[in-house]
Amino acid sequence: DDRVPEKRPNAAKRLESLLDLAPDYDIDRTLATTRLSAVFDALRAAKLGSVQFSFQPEGGLLKVDGRAVAPAASKRLPPGAHLISYAKPGYETQEVSATVAAGATTTADFKLSRVSSTLTVFVHPSGAEVFFDGKSLGKATGQAGPELSPHAEPLGLKPEELSAAFVIGDVKAGKHTLELRAGCFKPVKVEIAETYTAPFADHTLAPFKLLPSKGALTVTS
């Protein structure tokens, strides 16, 4: 549309619609003309502002107005006040209110305080239920990636036979009990020593392999 003079207004309207749908959208600068790029940049500056982020530690969950978004160095947002939160297991969640102005940049710096340890668990079979201090935290589902090969092979397993990482957050100071259960398998129960919480840190436990639970049935006829 931009290459046809009478259709150029359509190009601007469609770019505006794209920005309404996805404020972080950008056009392909290798395909767009200089004129179209200028139109897009002017529209974006008039409609949106940006927030620059810093995260300590990295790898957490970022939410903007209650919706999870991928943590990035910056994000464009419509003008107005926005509630932004950042969380990571083992750390205290932090919230900030950021006021965004069109064409301007503001900052949101997150520095989380450590409040507990975390334990990352891999288990065979996938789907095993995880209990921590007697309370069910859910099931360890999914499949581990190839990076787990060095840990899976000694157990006679392929990495994909282990569950994906199951993270237990909020592990407070002291001793704890971890138990893994799955139908038709013998449960595993281990004690988590106090050293895992002194000091608070992230720990990845060696993978667990539950053994099949078998019985015998004798029939007399």
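Quick note: structure is the one above.
Q: Summarise the side chain of Ser 85; cite the residues concerned and give the values.
A: For Ser 85, the location among the structural elements is in strand E5 (residues 80-87). The exposure class assigned to Ser 85 is buried, which follows from its relative accessible area of 14%. Setting aside residues no more than four positions away along its own chain, Ser 85 makes contact with Leu 61, Leu 62, Lys 63, Thr 93, Gln 94, Glu 95 and Phe 110.

Q: Could you give an account of helix H1 (residues 8-21), naming the residues involved and the relevant values?
A: When the terminal C-alpha atoms of H1 are compared, their 20 Å separation across 14 residues agrees well with the 20 Å that a helix rising 1.5 Å per residue should span. When we look at burial in H1, the residues that qualify are Ala 11, Leu 15 and Leu 19. Projected down its long axis, H1 shows its buried positions confined to an angular sector of 75°, all on one face. The exposed set on the far side of H1, more than 90 degrees from its buried face, consists of Lys 13, Arg 14, Asp 20 and Leu 21. Packed against the buried residues of H1 are helix H2 (34-47).

Q: So what's going on with the pairing of strand E6 (residues 94-100)? Residues and values would help.
A: Of the strand pairs in this sheet, E5 and E6 are connected by seven bridges, and their pairing is antiparallel. In the sheet register, His 82 faces E6, and the bridge partner there is Ala 98. Connecting E5 to the next strand, E6, in antiparallel fashion are six residues, including Gly 90 with a positive phi near 95°.

Q: Please set out the sheet that holds E5 residue by residue, giving values where relevant.
A: Strand order in the open sheet made by the four strands is E3-E2-E5-E6, with antiparallel pairing throughout. Since the sheet does not close on itself, it has two edges, and those belong to strand E3 (67-69) and E6, each with one partner. For this sheet, the mean angle separating the axes of adjacent strands, direction not counted, is 30°. The pairing of strand E2 (residues 61-64) with E3 spans three bridges and is classified as antiparallel. For Lys 63, the partnering residue across the bridge sits in E3 and is Ala 68.

Reading the values: the criteria
- Residues numbered from 1 in each chain as written.
- Predicted model: local features only at pLDDT ≥ 70, side-chain atom pairs only at ≥ 80, totals over all residues.
- Heavy atoms only, no water.
- Helix = DSSP H or I, 4+ residues; strand = E, 2+ residues; numbered from the N terminus.
- Buried < 20%, exposed > 50% of the residue type's maximum accessible area, 1.4 Å probe, protein only.
- Contact = heavy atoms within 4.5 Å.
- Expected span 1.5 Å × (residues − 1).
- Arc of directions from axis to C-beta.
- Pairing = 2+ DSSP bridges.
- Axes fitted to C-alpha atoms, helices over the stretch in contact; angles between N-to-C directions.

That is the geometry; function is a separate question.
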